[in-house]
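Chain residues, written in single-letter form:
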Number of protein chains: 4
Amino acid sequence: MKDLVRTYVGLLAGPVVLLVAYFTVPVGWFGPHHPRISWTAFGVLLAVLGAGVLREVRMQVLGQSRHPVPRILVLLCGALVVFSTAYLAMSKEPGELDGLVTKVDALYFTVITMATVGYGDIHPAGQAARIVVMIQLLYTVVFLTTGVTALTRQVKTRAVQRARHREQRDDRR
Amino acid sequence: MKDLVRTYVGLLAGPVVLLVAYFTVPVGWFGPHHPRISWTAFGVLLAVLGAGVLREVRMQVLGQSRHPVPRILVLLCGALVVFSTAYLAMSKEPGELDGLVTKVDALYFTVITMATVGYGDIHPAGQAARIVVMIQLLYTVVFLTTGVTALTRQVKTRAVQRARHREQRDDRR
Amino acid sequence: MKDLVRTYVGLLAGPVVLLVAYFTVPVGWFGPHHPRISWTAFGVLLAVLGAGVLREVRMQVLGQSRHPVPRILVLLCGALVVFSTAYLAMSKEPGELDGLVTKVDALYFTVITMATVGYGDIHPAGQAARIVVMIQLLYTVVFLTTGVTALTRQVKTRAVQRARHREQRDDRR
Amino acid sequence: MKDLVRTYVGLLAGPVVLLVAYFTVPVGWFGPHHPRISWTAFGVLLAVLGAGVLREVRMQVLGQSRHPVPRILVLLCGALVVFSTAYLAMSKEPGELDGLVTKVDALYFTVITMATVGYGDIHPAGQAARIVVMIQLLYTVVFLTTGVTALTRQVKTRAVQRARHREQRDDRR
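Residues numbered from 1 in each chain as written. Chains lettered and ligands numbered in written order. Predicted model: local features only at pLDDT ≥ 70, side-chain atom pairs only at ≥ 80, totals over all residues. Heavy atoms only, no water.

Visitor: I'm lost on the overall build of chain A in this one. Help?
Guide: Helix and strand counts for chain A come out as five helices and zero strands. Reading chain A from its N terminus to its C terminus gives the helix and strand order α-α-α-α-α. Taken across its 173 residues, chain A has 42% of its residues classed as buried. For chain A, the proportion of contacts with a sequence separation of at least 24, taken over those separated by at least 6, is 69%. Carbon together with sulfur atoms contributes 68% to the accessible area of chain A, which is approximately 9600 Å² in total. (Helix = DSSP H or I, 4+ residues; strand = E, 2+ residues; numbered from the N terminus. Buried < 20%, exposed > 50% of the residue type's maximum accessible area, 1.4 Å probe, protein only. Contact = heavy atoms within 4.5 Å. Areas by Shrake-Rupley, 256 points an atom, 1.4 Å probe, with all protein chains shown as cover.)

Below you can see the structure in the form of structure tokens.
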């Protein structure tokens with residue numbers, strides 16, 4: 001029971017902290033009034049996220065990745081927060097992302113795009129917004145592939161561990 | 001033949017009961033006229049569904065899950081019914097989910113969102129509706145992952161059982 | 001080389017015949033002018049397709065399915081043709097599927113829905129059309145699961161056959 | 001470290017060259033003013049891409065495919081560029097692809113369709129555009145299947161190689 005609680009706390013602590021930060025930290029300063037610093041911050045954050053995912057991919061290929069699921073979850077939520085903030089900042093420019101007003105709207109648009117639902121009620125209309133959406137989809141594909149591989153590997157590893165446990169137990173009898 | 005019928009009855013009984021209940025039980029009482037009880041009921045039902053899925057996930061990781069497919073199918077149809085009812089209740093508030101009128105519409109919107117088709121003919125416009133859609137997508141991803149893992153495991157287990165059967169038969173000869 | 005041609009002919013013969021039949025056979029008779037016979041024909045064809053898929057699923061679970069890919073391809077194209085014809089027939093009723101006029105439109109709408117793209121340029125507006133779209137998505141999920149399982153199984157079987165071939169060759173040396 | 005750089009250069013060189021070529025080579029000559037040559041060029045390029053993918057599929061089934069991921073990435077980016085150019089050429093005909101003006105728009109529409117997001121802000125309205133979108137989705141499915149199979153195979157092969165390495169090392173001790 002204690003292990004179970006620890007597992008869930010380890011899984012959910014990162015995402016919860018990131019979401020709380022997203023909704024509380026004011027980001028109104030970013031946007032078309034300070035374009036250079038805003039784009040630089042966006043680029044740096046994307047590079048950090050990308051480096052994190054590539055490190056995860058490399059560790060998986062080398063078989064050195066233990067407990068990758070919480071790390072991938074944090075990276076995924078980080079991407080959600082970074083792209084939501086970017087869309088929020090872009091929406092201040094008229095004709096880029098009409099219909100996107102609140103922080104909930106920005107997160108909703110990011111999730112709807114990541115899940116490939118795409119209702120179309122909010123959609124990128126400007127050139128910059130369309131390029132950012134394409135980058136988000138590229139990140140989504142890489143995250144998805146890494147996440148699925150990590151998950152299947154973890155499930156398999158545990159199954160093998162359990163099988164060995166049973167065999168050892170049977171041998172002792 | 002008898003086994004086959006029993007398998008299909010076991011698979012489809014739950015979903016059919018849930019869908020019949022959805023279309024016959026009146027739920028007009030829920031909605032913006034009784035917001036507190038409606039949201040509480042929605043939260044409790046989501047918690048029950050979530051607990052069911054997490055229990056299934058845990059049983060799979062521990063290798064104790066036998067015949068998980070019918071249970072996951074019931075959980076999935078339960079989620080369909082709960083979210084459809086929630087959208088139906090929210091649609092009474094103007095500006096939340098315009099275009100959603102009948103129970104068929106609500107189920108259609110839930111299915112279109114779960115399958116990530118997202119035509120956009122019905123789409124969430126209010127803040128509350130957008131948050132509920134995000135929750136539905138989170139549930140969909142968890143259900144999908146659990147369901148696919150369960151299915152592949154069941155298919156593999158049966159394949160191994162068949163292989164052992166054959167070997168034993170061959171040894172006897 | 002001869003084997004390769006035979007494989008592709010075996011794979012593509014069924015789909016090509018079905019698509020040619022779809023575009024040449026006149027189906028204008030079906031629709032709201034003959035509702036009873038149209039719906040009956042639709043139901044019978046869905047039952048035939050469903051029985052075909054379930055038979056395929058059962059053969060896979062029992063490990064008796066050899067070369068399932070061409071059969072699943074024919075079933076999939078059959079579903080495409082049946083649903084396209086159904087949408088074409090329904091579009092004659094105003095307010096069911098506005099924007100769907102030609103046979104290409106109907107096939108386009110079916111493909112866009114099956115691939116879960118869902119632009120929303122054509123979308124079901126009537127109750128009947130929405131139910132048919134939900135049925136199509138249910139069929140899509142079952143087809144997809146069966147198809148992916150069949151494909152992975154076939155690839156694995158061939159890999160095992162190749163491995164055995166090599167071992168036997170090595171033993172002879 | 002040197003190996004890592006070489007791997008990433010090998011992976012990204014092709015896609016980067018193709019994207020730079022897409023944005024720099026003028027393609028304004030293609031379109032409704034030269035329909036015959038435009039369609040012929042499109043057909044030839046599709047045939048080349050299709051032949052490349054089928055060759056990859058065949059090599060995978062025969063187990064002869066080594067390092068398929070960079071080749072599939074180039075084929076995928078090639079498809080992106082070919083379809084984007086086709087949509088750009090078609091958009092000059094009014095009523096085919098309204099809302100698609102720049103090269104970024106064309107690439108955005110191709111990516112949004114390939115990722116099955118489908119906002120619907122740009123959508124095919126003419127018969128020819130709808131047929132091309134259907135062809136793109138067919139290519140997407142084949143690419144996706146091939147890519148996923150290649151990736152899982154490569155990950156598995158490396159895992160087996162690592163396991164053998166370890167066993168040999170353990171035997172020597």
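Visitor: What is the right way to look at the interface of chain B and chain A in this model?
Guide: Frequently, the measure chosen for interface size is the accessible area that the parts lose on association. Counting residues at the interface gives 25 residues for chain B, matched by 22 residues for chain A. Together, the buried faces of chain B and chain A total about 1800 Å²; carbon and sulfur atoms form 63% of this surface. Across the pair B:Arg130 and A:Asp121 runs a salt bridge whose closest N-O atoms are separated by 3.3 Å. Taken together, the links from chain B to chain A amount to six residue pairs in polar contact (both at pLDDT 80 or more). Of all the elements in the fold, those that place two or more residues in the side of chain B that touches chain A are helix H2 (35-61), helix H4 (103-114) and helix H5 (127-172) of chain B. Looking at the side of chain B that touches chain A residue by residue, the class counts come to twelve nonpolar, nine polar and four charged. (Buried area = accessible area lost by both parts, 1.4 Å probe. Salt bridge = Lys/Arg side-chain N within 4 Å of Asp/Glu carboxyl O. Polar contact = N/O pair within 3.5 Å; in protein donor to acceptor, adjacent residues only side chain to side chain. Nonpolar A, V, L, I, M, F, W, Y, C, P; charged D, E, K, R; others polar.)

Visitor: What's the story with the confidence of the model for chain A in this structure? I'm lost.
Guide: Detailed reading of predicted coordinates is not advised where the pLDDT is low. All names here are of chain A. Overall, the prediction assigns chain A a mean pLDDT of 86, with 86% of residues at 70 or greater. At the level of individual helices and strands, chain A shows its lowest average pLDDT in helix H5 (residues 127-172), which scores 78, and its highest in helix H4 (residues 103-114), which scores 95. In the predicted complex, the global pTM is 0.90; the interface-specific ipTM is 0.87. (pLDDT = per-residue confidence, 0-100.)

Visitor: When you look at the side chain of C:Asp105 in this model, what are you seeing that I'm missing?
Guide: If you trace the backbone, C:Asp105 turns up in helix H4 (residues 103-114). In this structure C:Asp105 comes out as buried when scored by relative accessible area, which is 3%. Looking at C:Asp105, its side chain comes within polar contact range of the side chain of D:Gln127, at 2.9 Å.

Visitor: Got a minute to help me understand the UniProt feature "transmembrane region" (unreviewed entry) in chain A in this structure?
Guide: Residue and element names in this part refer to chain A. The feature "transmembrane region" (unreviewed entry), as given by UniProt, occupies residues 7-25, 37-57, 69-90 and 131-152 in the numbering adopted here. The span residues 37-57 is 100% helical and 0% strand by assignment, and the distance between its end C-alpha atoms comes to 30 Å. The span residues 69-90 is 100% helical and 0% strand by assignment, and the distance between its end C-alpha atoms comes to 31 Å. (UniProt positions renumbered as here; feature names shortened; annotations may be inferred.)

Visitor: What am I meant to see in H4(C) here?
Guide: Within an α-helix, residues lying three or four positions from one another point in the same direction, as the helix has 3.6 residues per turn. Residue and element names in this part refer to chain C. Its twelve residues place the ends of H4 16 Å apart at the C-alpha level, agreeing with the 16 Å of an ideal helix rising 1.5 Å per residue. The buried fraction of H4 amounts to twelve of the twelve residues, a majority that puts the element mostly inside the structure. Those residues of H4 not exposed but buried are Lys-103, Val-104, Asp-105, Ala-106, Leu-107, Tyr-108, Phe-109, Thr-110, Val-111, Ile-112, Thr-113 and Met-114. Looking one or two places after H4, you find Thr-116, whose phi comes out positive at around 55 degrees. (Expected span 1.5 Å × (residues − 1).)

Visitor: Would you take a moment to explain the relation of the copies chain B and chain A for this structure?
Guide: Here the two chain copies are tied together by a rotation about an axis and a shift along that axis. Once chain B is rotated about the relating axis by 90 degrees and shifted along it by 0.0 Å, it coincides with chain A to within an RMSD of 0.0 Å. Such values leave the two copies arranged in the relation of a four-fold axis. (Least-squares fit on C-alpha atoms with pLDDT ≥ 70 in both.)

Visitor: It is not clear to me how unusual backbone geometry should be interpreted in this structure. Could you clarify?
Guide: A negative phi holds for most residues other than glycine; trans holds for most peptide bonds. Positive phi outside glycine occurs at A:Thr116, with the angle close to 55 degrees. One can find A:Thr116 in the loop between H4 and H5.

Visitor: Whenever I open this one, the environment of D:Leu4 confuses me. Can you help?
Guide: Residue and element names in this part refer to chain D. Tracing the backbone through its elements, the reader meets Leu-4 in helix H1 (residues 2-24). With relative accessibility at 24%, the residue Leu-4 sits in the partly exposed group. In sequence terms Leu-4 and Gly-95 are 91 residues apart; their C-alpha atoms lie 48 Å from each other.

Visitor: Looking at this model, I keep getting lost on helix H1 (residues 2-24) of chain C. Mind explaining?
Guide: Along its 23 residues, H1(C) runs 31 Å from first to last C-alpha, staying within 8% of the 33 Å computed at 1.5 Å per residue. Residue C:Leu12 marks the point of greatest curvature in H1(C), where the axis turns by about 35 degrees; the proline C:Pro15 follows within four residues. (Bend = angle between axes of the 7 residues up to and from the residue.)

Visitor: Please explain the packing of aromatic side chains as it appears in this structure.
Guide: Describing an aromatic ring pair means giving the distance of the ring centres and the angle of the ring planes. If you walk through the whole model with that rule in mind, you get 36 aromatic pairs over all chains. Aromatic pair C:Phe83 and C:Tyr139: ring centres 5.9 Å apart, planes at 70 degrees, arrangement edge-to-face. Linking C:Phe83 in helix H3 (residues 68-90) with C:Tyr139 in helix H5 (residues 127-172), this pair joins segments that are 56 residues apart in sequence. One aromatic cluster is present, built from ring pairs that chain together A:Trp39, A:Phe42, A:Phe83, A:Tyr87, A:Phe109, A:Tyr139, A:Phe143 and D:Tyr119. The ring centre of B:Tyr22 lies 5.7 Å from the NZ or CZ of B:Lys103, which sits over that ring. (Phe/Tyr/Trp six-rings, centres within 6.5 Å; stacked < 30°, edge-to-face > 60°. Lys NZ or Arg CZ within 6 Å of the ring centre and 35° of its normal.)

Visitor: Just to check I follow, could you spell out the pattern of salt bridges for this structure?
Guide: Proximity of charged atoms lets side chains of opposite charge pair with each other. On inspection of all chains with the given rule, the structure shows twelve salt bridges over all chains. Salt-bridge contacts for D:Asp105 lead to A:Arg130; the nearest nitrogen and oxygen are separated by 2.7 Å. Placement of the pair is D:Asp105 in helix H4 (residues 103-114) and A:Arg130 in helix H5, with the two residues belonging to separate chains. You can call A:Arg130 buried: its relative accessible area is 5%. Three or more residues joined by partner-sharing salt bridges are found here, namely A:Asp105, A:Asp121 and B:Arg130.

Visitor: How should I be thinking about the environment of B:Tyr22 in this particular structure?
Guide: When you line up the elements, B:Tyr22 lands in helix H1 (residues 2-24). When the C-alpha atoms of B:Tyr22 and B:Leu107 are compared, they prove to be 9.4 Å apart, with 85 residues separating the residues in sequence.

Visitor: I would appreciate a short explanation of the packing of helix H3 (residues 68-90) of chain D against H4(D) in the present structure.
Guide: Residue and element names in this part refer to chain D. Axis separation between H3 and H4 bottoms out at 8 Å; the angle between their running directions is 120 degrees. If you check the angle between H3 and H4, you find them oblique. As for how H3 packs across H4, the hand of that crossing is right-handed. Residues Leu-76, Leu-80, Phe-83, Ser-84, Tyr-87 and Leu-88 of H3 touch H4, and the partners they reach there are Lys-103, Ala-106, Leu-107, Phe-109, Thr-110, Val-111 and Met-114. Looking at the contact of H3 with H4 residue by residue, the class counts come to ten nonpolar, two polar and one charged. (Axes fitted to C-alpha atoms, helices over the stretch in contact; angles between N-to-C directions. Parallel < 35°, antiparallel > 145°, perpendicular 65-115°, else oblique. Left-handed = near helix turned anticlockwise from the far one by under 90°.)

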